[in-house]
There are 2 protein chains.
Amino acid sequence: MAARKQDNETAARLKAFGGGIVDTIYRGRNPSFEAPTRSRSNIKYDEKEAVLRLGAAKEERSFINIAQSKKFMQTIAVASRCHTFLNENLHTSIRGLYYQLKFSLGEDVDENLFEEQSESNPLIEDLEVALGVKREDLNLSADRKGFLAGNMRIVDSFGDERQEIDATKQGRGGWPIPSDVDNDIEFVDVKAKYVLSVEKDAIWQRLNEDRFWQKENCILITPKGQASRGTRRLIRKLSDMGLPVYVFNDCDAWGWYIYWTIKTGSMNLAYISNEIATPKARFLGVTMADIERYDFLKKLTMKANEMDLKRAQEMLSYPWINRHKEWVAELKKVMQTKTKLEQDSLQGPRLTFIGDYIRDKVRAQEFLP
Amino acid sequence: MAARKQDNETAARLKAFGGGIVDTIYRGRNPSFEAPTRSRSNIKYDEKEAVLRLGAAKEERSFINIAQSKKFMQTIAVASRCHTFLNENLHTSIRGLYYQLKFSLGEDVDENLFEEQSESNPLIEDLEVALGVKREDLNLSADRKGFLAGNMRIVDSFGDERQEIDATKQGRGGWPIPSDVDNDIEFVDVKAKYVLSVEKDAIWQRLNEDRFWQKENCILITPKGQASRGTRRLIRKLSDMGLPVYVFNDCDAWGWYIYWTIKTGSMNLAYISNEIATPKARFLGVTMADIERYDFLKKLTMKANEMDLKRAQEMLSYPWINRHKEWVAELKKVMQTKTKLEQDSLQGPRLTFIGDYIRDKVRAQEFLP
């Protein structure tokens, strides 16, 4: 079995973490560790990096502290189990981890440390931030979602086998984006010129059928709604390779939210924004401004619902959004007209119109920031 | 572009449908068509085929009938648009179809026939049953969901290209099951011995990592929760090729529902059960009976919620379920103990235990009917 660089790094960090705690105990001290606070009050918008990040506040988890003792022991149990997964070179979900912890904590421990998965989940995050790794590095798979097609190859060193996947030859299905796009996976011969992320799988399929990625030489991705950790990380990696990233979503609460999550990261995952946010992403459409150019869209708008209007209002209050006059104009227009627009509507005149629309915007480099 | 047999058949049926209506008009008669009633009262359990099906009740849609005139016109508009899609050899979603209808009904029609997608959706079903085709045959894609790995190849004649996909070489991702597994798609060299469908994608990934499909020579599928139309149709096709189908789900309301939907079809899609239900499917686990064999499962059970108990009660009232004493025992045990069990719990002792569990059941051919 191939040794995995990242595994070794992560395993070494886990070992150092455990070793530090053992040392402290032998020295007769109270074992403890520190992790950045993940509560909302410690989430800041980082002007320089243009992402949501954790601030400087830290929390200590200490063993000899009645309020923290159980959590401390639980975290050590999580760390120990993940270390085993890395050694075995096997993966599981956070639910699988929970059942392992519930099954047994070891031969000499009779305690039932975990009652609910809600107890183990935040401890995994504690470990991620304390060690500076992602859960994927701990061999814990997150939900996967999203598909890709375009001019690149994927080298998937999956167990003992090295499998090459040509992302131009995946038929109607595309390549399903996994949870972990860092360990044992490489993206090679990326010859496309840009990345296009389209919100809905149905639109991705429409564009895939038109061979849009081939004609335009782009990497066509759909996160299939809100982007998974894996899809966000993949988009960031492609951005780091120098490919511009354009996001094509609905003009509504969900569409905007999906875009800003890709671009600046999200509150929940602010602790890994530096790996999964793509500050260089641009919003291609659809926009309220499109209605002025494409007259037929007027009759294809929908009534905005309360969530759309509330979200538009909220976004106008975020300094990293309201500094852009184009976004202010967009969001105000939604609130004034109380309408919204779906990307699907661009199929109105003919099914292939949607590709022409994107092509025109990319050629004119007409994006929202 | 390759001519598609099924397209031609479907296009011919659409043409005959339209031609019949035109003829009737020329003869000065009231154009109309008949379709089986899809309401619950006309859904029966077919003893012989062991699936849920539509009964004999039919409804007439007639043009000269104030209550039906608009619907009649709308159905013709849907049929006409689908005929165009078939001629163009292009696909869209039912939402894409809705926007096309809303955009324009043709140069000489100024009427806005459609206000909401909820108006066009049931008309598509009308057409499916009236013509005896599936919406996939009309080039309307349904949501896709589910993955597959195993000893078989897929030949995907996608547009102008014929792409071969080896389902043993898809890495950690597997082959994403499309909406349409009939038209322009072939399953060749199916050398596996049986089909294993596992409810959760996380468990599928666990088994895929263990190369379970290779060691056991099976086709490993996950519907990823409730099975999509495409996944149900694929399972049925593999069953028709002679492969036994084993379903491995949670022992709870959802797990049972997913199984029975695969096996007998569902109320909503009773009109196409003869194509997407797999009466020969068997339930592998997890079961309440497993707790007696695997002692460790005792402490990994969960409290059944109200939905689980209600569903168990309902299932006991279905004659096609309560005729099986094994199912009656299972469901009664859930109701008595008020507990349930997840497939993930089999990872408790070690991550690879889940494969051993399945292997043992398959070898012993120990299934619920």
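Residues numbered from 1 in each chain as written. Chains lettered and ligands numbered in written order. Predicted model: local features only at pLDDT ≥ 70, side-chain atom pairs only at ≥ 80, totals over all residues.

**Q** When you look at the overall build of chain A in this model, what are you seeing that I'm missing?
**A** When you go through chain A residue by residue, the secondary structure sums to 14 helices and 17 strands. Relative to the globule expectation of 21 Å for 369 residues, the C-alpha radius of gyration of chain A, 23 Å, shows essentially globular dimensions. Within chain A, buried positions represent 45% of all 369 residues. Of the contacts formed within chain A by residues at least 6 apart in sequence, a portion of 73% connects residues at least 24 apart. (Helix = DSSP H or I, 4+ residues; strand = E, 2+ residues; numbered from the N terminus. Rg over C-alpha atoms; globule rule 2.2 N^0.38 Å. Buried ≥ 20, exposed ≤ 12 C-beta atoms within 10 Å, placed from the backbone. Contact = placed C-beta atoms within 7 Å.)

**Q** Sorry if this is basic, but what is going on with the domain arrangement of chain A here?
**A** Many authors give the size of an interface as the accessible area that is lost as the parts come together. Residues and elements named next belong to chain A. Here chain A is described as being made up of domain 1 (5-141) and domain 2 (147-364). Centre-to-centre separation of domain 1 and domain 2, based on C-alpha positions: 33 Å. Facing the 20 residues of domain 1 at the interface are 18 residues of domain 2. Sorting the residues of the side of domain 1 that touches domain 2 by element identifies α1 (5-26), β2 (43-46), β3 (51-54) and α4 (117-131) as the ones contributing at least two each. A per-element tally of the side of domain 1 that touches domain 2 places β3 first, with four residues. For the side of domain 1 that touches domain 2, a count of residues per class yields eight nonpolar, two polar and 10 charged. (Domains from an automatic or database assignment. Nonpolar A, V, L, I, M, F, W, Y, C, P; charged D, E, K, R; others polar.)

**Q** Would you take a moment to explain unusual backbone geometry for this structure?
**A** When glycine is set aside, most residues are seen to have a negative phi, and most peptide bonds are trans. Residues and elements named next belong to chain A. In the segment running from glycine 285 into valine 286, the intervening peptide bond is cis, with an omega of -5°. With respect to the element layout, valine 286 can be found in the loop between β15 (282-285) and α10 (290-293). Phi at arginine 211 is positive, roughly 55°, even though this residue is not glycine. Here arginine 211 lies in the loop between α5 (201-209) and α6 (212-215). Look at arginine 211 and you get partly exposed, because 17 C-beta atoms sit within 10 Å.

**Q** Please clarify how the nonpolar core should be interpreted in this entry.
**A** Across soluble globular proteins, nonpolar side chains show a tendency to be buried alongside one another. Cys82 of chain A together with Leu148, Val195, Leu196, Ile219, Leu220 and Val247 of chain B are the most contacted members of the largest nonpolar core, which totals 76 residues. Here this core gets eight residues from one element, more than from any other, and that element is helix α2 (residues 69-88) of chain A. Core analysis: the second largest hydrophobic core is formed by 55 residues, Phe147, Ile221, Met288 and Leu346 of chain A among them. (Core = buried A, V, L, I, M, F, W, Y, C linked by C-beta atoms within 7 Å.)

**Q** What's the story with the interface of chain A and chain B in this structure? I'm lost.
**A** In this assembly, 41 residues from chain A lie in contact with 41 residues from chain B. Listed by contribution, the elements that provide at least two residues to the side of chain A that touches chain B are β5 (92-93), α3 (94-103), β8 (153-158), β9 (161-166), β10 (175-176) and α5 of chain A. If one sorts the elements of the side of chain A that touches chain B by residue count, α3 of chain A sits on top with six residues. Considering only residue class, the side of chain A that touches chain B consists of 14 nonpolar, 15 polar and 12 charged.

**Q** Would you mind going over α2 of chain A with me for this structure?
**A** One turn of an α-helix holds 3.6 residues; hence residues three or four places apart share an orientation. All names here are of chain A. Given a rise of 1.5 Å per residue, 20 residues ought to cover 28 Å, and the 29 Å separating the end C-alpha atoms of α2 matches this to within 8%. Residues Phe72, Gln74, Thr75, Ile76, Ala77, Val78, Ala79, Arg81, Cys82, Phe85 and Leu86 constitute the buried set of α2. The first or second residue beyond α2 is asparagine 89, which carries a positive phi of 60°. (Expected span 1.5 Å × (residues − 1).)

**Q** Sorry if this is basic, but what is going on with the sheet that holds strand β8 (residues 153-158) of chain B here?
**A** Pairing between the strands of a sheet comes from backbone hydrogen bonds, and it takes one of two forms, parallel or antiparallel. Residues and elements named next belong to chain B. The sheet built from three strands is open, its strands ordered β9-β8-β11 with antiparallel pairing. Each having just a single partner strand, β9 (161-166) and β11 (185-188) make up the two edges of the open sheet. Neighbour to neighbour, the strand axes of the sheet diverge by 20° on average, direction disregarded. Pairing analysis gives six bridges linking β8 to β9, with the strands arranged antiparallel. The partner of aspartate 156 across the bridge, within β9, is glutamine 163. (Pairing = 2+ DSSP bridges. Axes fitted to C-alpha atoms, helices over the stretch in contact; angles between N-to-C directions.)

**Q** When you look at the sheet that holds strand β13 (residues 218-222) of chain B in this model, what are you seeing that I'm missing?
**A** Residue and element names in this part refer to chain B. Spatially, the six strands line up as an open sheet ordered β10-β7-β13-β12-β14-β15, and their pairing is mixed. Only two strands of the sheet have a single neighbouring strand rather than two, namely β10 (175-176) and β15 (282-285). Where strand β7 (residues 147-149) and β10 come together, two bridges link them in antiparallel fashion. Across the sheet, residue leucine 148 finds its bridge partner in β10, namely tryptophan 175. Against the sheet, helix α14 (residues 353-364) contacts β12 (194-198), β14 (245-248) and β15, and its axis sits at roughly 140° relative to β15.

**Q** Explanation requested: the packing of α3 of chain A against α4 of chain A in the structure shown.
**A** Each packed pair of helices is defined by two parameters, the angle between the axes and the distance between the axes. Residues and elements named next belong to chain A. α4 packs onto α3 with a crossing angle of 115° between their chain directions and a minimal axis gap of 10 Å. The orientation of α3 relative to α4 falls into the category roughly perpendicular. Both α3 and α4 take part in a crossing whose hand is right-handed. Here Ile94, Arg95, Leu97, Tyr98 and Leu101 of α3 lie close against α4, whose contacting residues are Gln117, Ser120, Asn121 and Ile124. Residues belonging to the contact of α3 with α4 are distributed by class as follows: five nonpolar, three polar and one charged. (Parallel < 35°, antiparallel > 145°, perpendicular 65-115°, else oblique. Left-handed = near helix turned anticlockwise from the far one by under 90°.)

**Q** Sorry, what's going on with the relation of the copies chain A and chain B here?
**A** Related by rotation about an axis and a shift along that axis, the two copies of the chain form a pair. The operation relating chain A to chain B is a screw motion whose rotation component is 180°, with 0.0 Å of axial translation and a residual RMSD of 0.0 Å. Here the copies are linked by what is in effect a two-fold axis. Taking the C-alpha atom as reference, chain A places proline 176 of chain A closest to the rotation axis, 3.4 Å from it. When you check the interface residues of chain A against chain B, 100% turn up at the interface there too, and the contact is symmetric in its surfaces. (Least-squares fit on C-alpha atoms with pLDDT ≥ 70 in both.)

**Q** How do you make sense of α14 of chain B when you look at a structure like this?
**A** Residue and element names in this part refer to chain B. Between the first and last C-alpha of α14 there are 17 Å, a value that for 12 residues agrees with the 16 Å anticipated at 1.5 Å per step. Buried within α14 are the following residues: Ile354, Tyr357 and Ile358. Along the axis of α14, the buried positions cluster into a sector of 95°, meaning they face one direction only. Turned more than 90 degrees from where α14 packs its buried face, Asp360, Arg363 and Ala364 sit exposed. On its buried face, α14 is in contact with β12, α5 (201-209), β14 and β15. (Arc of directions from axis to C-beta.)

**Q** What is the right way to read the pairing of β14 of chain B from this model?
**A** Side-chain direction in a regular strand flips from residue to residue, so the side chains alternate between the two faces of the sheet. All names here are of chain B. Here β14 shows no split at all, with Val245 and Val247 on one side and Tyr246 and Phe248 on the other all buried. When β12 meets β14, the two strands line up parallel, connected through four bridges. When the bridges of β14 are listed, valine 198 appears paired with phenylalanine 248. As paired strands, β14 and β15 are joined by three bridges and run parallel to one another. Across the sheet, residue phenylalanine 248 finds its bridge partner in β15, namely glycine 285.

**Q** Could you clarify how one ought to interpret the environment of threonine 24 of chain A in this entry?
**A** Residues and elements named next belong to chain A. Relative to the helices and strands, threonine 24 is located in helix α1. The class of threonine 24 is partly exposed, set by 15 C-beta atoms lying within 10 Å. Other than its neighbours up to four places away in sequence, threonine 24 contacts Arg29 and Pro31.

**Q** Would you mind going over the confidence of the model for chain A with me for this structure?
**A** Parts of the model with low pLDDT should not have their predicted coordinates read in detail. Averaged over every residue, the pLDDT of chain A is 93; the share at 70 or more is 96%. In the predicted assembly, ipTM is 0.95 and pTM is 0.96. (pLDDT = per-residue confidence, 0-100.)

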